[in-house]
Amino acid sequence: MTDYQTMENQASMGILPKRDVVIVRGSGARLWDSTGKEYIDCIGGIGTANVGHCHPTVTEAVARQAERLVICPDTFYNDLRAELGTALTRVAPEGLDRLFLCNSGTEAVEAAFKFARVATGRTGIIAAQRGFHGRTFGALSATWNPKYRAPFEPLVPGFTHVKYNDVSAMEESIDDETAGVILEVVQGEGGVRIGDGAYLNRVEALCRERGALFIVDEVQTGFGRTGALFACEHHGLQPDMLCLAKAMAGGLPVGATLCAETVRGVPAMSHGNTFGGGPVICAAGLATLRVLEEEGLVENARKNGAYFRDALAALDAPFVREIRGMGLIIGVEMKGRVTPILRGLMERGVMALPAGNTVLRFLPPLSISREEIDQVVETVDAVLGSLEA
Ligand SMILES: *Cc1c(COP(=O)(O)O)cnc(C)c1O
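Residues numbered from 1 in each chain as written. Predicted model: local features only at pLDDT ≥ 70, side-chain atom pairs only at ≥ 80, totals over all residues. Heavy atoms only, no water.

(A) Seen up close, the sheet that holds strand β10 (residues 213-217). Strand order in the open sheet formed by 7 strands is β4-β12-β11-β10-β7-β5-β6, and the pairing between neighbours is mixed. Where the open sheet ends on each side, the last strands, each with one partner, are β4 (98-102) and β6 (159-162). For this sheet, the mean angle separating the axes of adjacent strands, direction not counted, is 20°. Pairing of strand β5 (residues 124-128) with β6, which is carried by 4 bridges, proceeds in the parallel orientation. Looking across to β6, one finds that A128 is bridged to V162. Lying on the sheet, helix α4 (residues 79-91) is in contact with β4, β11 (241-244) and β12 (255-259); it crosses β4 at an angle near 125°. (Pairing = 2+ DSSP bridges. Helix = DSSP H or I, 4+ residues; strand = E, 2+ residues; numbered from the N terminus. Axes fitted to C-alpha atoms, helices over the stretch in contact; angles between N-to-C directions. Contact = heavy atoms within 4.5 Å.)

(B) Main features of a negative patch on the surface. Taken together, the side chains of D316, E378, D381 and E388 make up a negatively charged region of the molecular surface. On the secondary structure map, E378 appears in helix α14 (residues 370-388). (Patch = residues over 30% accessible without salt bridge, like charges linked within 9 Å, V, L, I, M, F, W, Y side chains within 5 Å. Areas by Shrake-Rupley, 256 points an atom, 1.4 Å probe, with all protein chains shown as cover. Salt bridge = Lys/Arg side-chain N within 4 Å of Asp/Glu carboxyl O. Lys, Arg positive; Asp, Glu negative; His and termini not counted. Charge placed at Lys NZ, Arg CZ, Asp CG, Glu CD.)

(C) The arrangement of the domain arrangement of the protein chain in detail. Split into domains, the protein chain comes out as domain 1 (3-55 + 324-388) and domain 2 (57-294). With centres defined by C-alpha atoms, the gap from domain 1 to domain 2 works out at 26 Å. Across the contact, 23 residues belong to domain 1 and 26 residues belong to domain 2. Each partner contributes to the roughly 2,100 Å² buried at the junction of domain 1 and domain 2, and carbon and sulfur atoms together form 59% of this total. If you sort the residues of domain 1 by the area they bury against domain 2, H55, M326 and I329 come out on top, with a joint share of 32%. (Domains from an automatic or database assignment. Buried area = accessible area lost by both parts, 1.4 Å probe.)

(D) Structural context of the pattern of salt bridges. Evaluation of the coordinates by the stated rule reveals 16 salt bridges. R30 is the partner of E372 in a salt bridge, and the nearest nitrogen-oxygen pair spans 2.8 Å. Taken as a pair, E372 in helix α14 and R30 in strand β2 (residues 30-33) lie far apart in primary sequence, 342 residues in all. Ionic pairing is found between D74 and R81, a salt bridge with its closest N-O pair at 3.5 Å. Salt bridges here are not isolated pairs; linked through shared partners, they connect R30, E38 and E372.

(E) How the structure looks around the packing of helix α13 (residues 339-347) against α14. Put simply, α13 and α14 touch, their axes get as near as 9 Å, and they point 125° apart. Taken together, α13 and α14 sit at an angle that is classed as oblique. Handedness of the crossing formed by α13 with α14: right-handed. Contacts from P340, I341, G344 and L345 of α13 reach α14 at T379, V380, V383, L384 and L387. Broken down by class, the residue content of the contact of α13 with α14 amounts to 7 nonpolar, 2 polar and no charged. (Parallel < 35°, antiparallel > 145°, perpendicular 65-115°, else oblique. Left-handed = near helix turned anticlockwise from the far one by under 90°. Nonpolar A, V, L, I, M, F, W, Y, C, P; charged D, E, K, R; others polar.)

(F) Representation of the site of the ligand within the structure. Taken together, S104, G105, T106, F132, H133, G134, E184, D217, V219, Q220 and K246 make up the full set of residues adjacent to the ligand. A distance of 3.3 Å separates a nitrogen atom of the ligand from a polar atom in the backbone of F132. One of the side-chain N or O atoms of K246 is found 2.7 Å from an oxygen atom in the ligand. Classifying every residue of the shell around the ligand gives 2 nonpolar, 6 polar and 3 charged. (Near = heavy atom within 4 Å. Polar contact = N/O pair within 3.5 Å; in protein donor to acceptor, adjacent residues only side chain to side chain.)

(G) Examining the sheet that holds β2 more closely. Taking strand neighbours across the sheet as the criterion, the 4 strands line up as β1-β2-β3-β15 in an open arrangement whose pairing is mixed. A strand with exactly one partner marks an edge of an open sheet, and here the two such strands are β1 (23-27) and β15 (350-351). The pairing of strand β3 (residues 38-41) with β15 spans 2 bridges and is classified as parallel. Its bridge partner lying in β15, I40 is registered against V350. Sheet strands in contact with α14 are β2, β3 and β15, and its direction is about 100° off that of β3.

(H) A look at the pairing of β10. Judged by how many residues are buried, β10 sits mostly within the fold: 5 of 5 residues are covered. The two faces of β10 match: L213, I215 and D217 on one face and F214 and V216 on the other face are all buried. As paired elements, strand β7 (residues 178-183) and β10 share 4 bridges and run parallel to each other. From the neighbouring strand, I182 faces β10, where its bridge partner is I215. Note: β10 against β11, 3 bridges, orientation parallel. Looking at β11, one finds that V216 is bridged to L242. (Buried < 20%, exposed > 50% of the residue type's maximum accessible area, 1.4 Å probe, protein only.)

Shown next, in the form of structure tokens:
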């Protein structure tokens with residue numbers, strides 16, 4: 001145990017289990033620990049480092065803005081916030097022409113629920129089984145996993161969960177009390193489960209017919225992860241609200257709720273926050289959008305994601321039950337627990353993360369190269385081989 005591990009253990013609440021390693025540096029799809037050991041990073045800051053760790057364009061934009069102005073409350077106009085809002089609403093799915101800025105995914109979801117109640121005058125929110133939307137009380141009420149919910153009940157009233165990818169379950173649930181329906185296009189934390197395009201379009205249409213708002217949570221799938229800038233594009237979805245966060249600002253904390261014209265009339269002063277839309281974060285967000293475009297990272301996610309999945313599928317691995325994915329969000333469902341696999345990968349220089357107990361999840365920077373993917377797949381092969389032996 002290093003000094004840093006002892007220090008953290010003594011000062012931390014210890015809510016999250018920790019890996020036995022001190023990470024001190026990152027670049028692109030690589031990480032280094034305090035002993036100098038190098039890793040290929042398929043965690044990517046839990047899907048935040050889409051442009052790679054410490055991308056020089058983002059780093060420079062942050063450094064430059066940190067010398068000019070760090071904080072500017074939302075009650076003032078600001079040059080960077082104006083530019084980010086313009087840039088983001090221009091690339092967003094059609095109709096999402098206004099945005100609310102905050103600091104995390106859970107806050108982007110909270111805002112969506114508050115706005116949905118105000119815009120519809122209704123209170124109900126429908127979410128999906130296995131869905132994940134964050135851990136503050138409102139977002140947690142939409143999150144499905146009992147492990148996250150149970151210790152903190154009672155949660156917010158008015159939330160229900162229905163089976164994902166099941167049209168009739170949704171048809172039976174949306175009624176004239178429903179303010180909004182929230183869904184992920186790919187359920188990330190829930191095990192990398194791919195939403196069916198016809199299902200998602202049908203839910204959108206049902207919401208329109210019955211006066212509920214269609215809220216899409218792209219906190220994990222946004223900014224190129226699935227091989228489109230937003231996963232909504234794969235299916236032509238036009239949500240009333242789109243929740244964004246993780247990869248939006250090169251790994252810095254940020255969140256945004258994009259709104260269509262169906263979402264208006266939120267009373268003055270009724271919602272807000274201190275840090276949201278700060279100039280440094282906005283500079284990072286603008287730089288991130290520029291890098292995604294200039295380096296063709298969305299295309300890279302699409303092509304290299306397919307390459308990655310094909311390579312995994314070609315392994316002779318009886319322990320693998322199923323491989324799911326879209327672009328560079330990839331889940332490998334195992335026939336048993338994934339913890340020993342994660343440990344084996346880390347020992348051999350590859351970082352990956354779980355999605356539940358049995359799914360091995362990869363969320364690498366979208367700039368990951370084919371050579372790096374080859375190395376990851378070879379390592380997965382070696383680890384699975386050593387477990388089966
Ligand atoms: C991570 C995540 C959230 C919560 O984001 P935080 O920034 O951790 O609050 C919400 N929705 C989805 C789909 C996520 O993946």
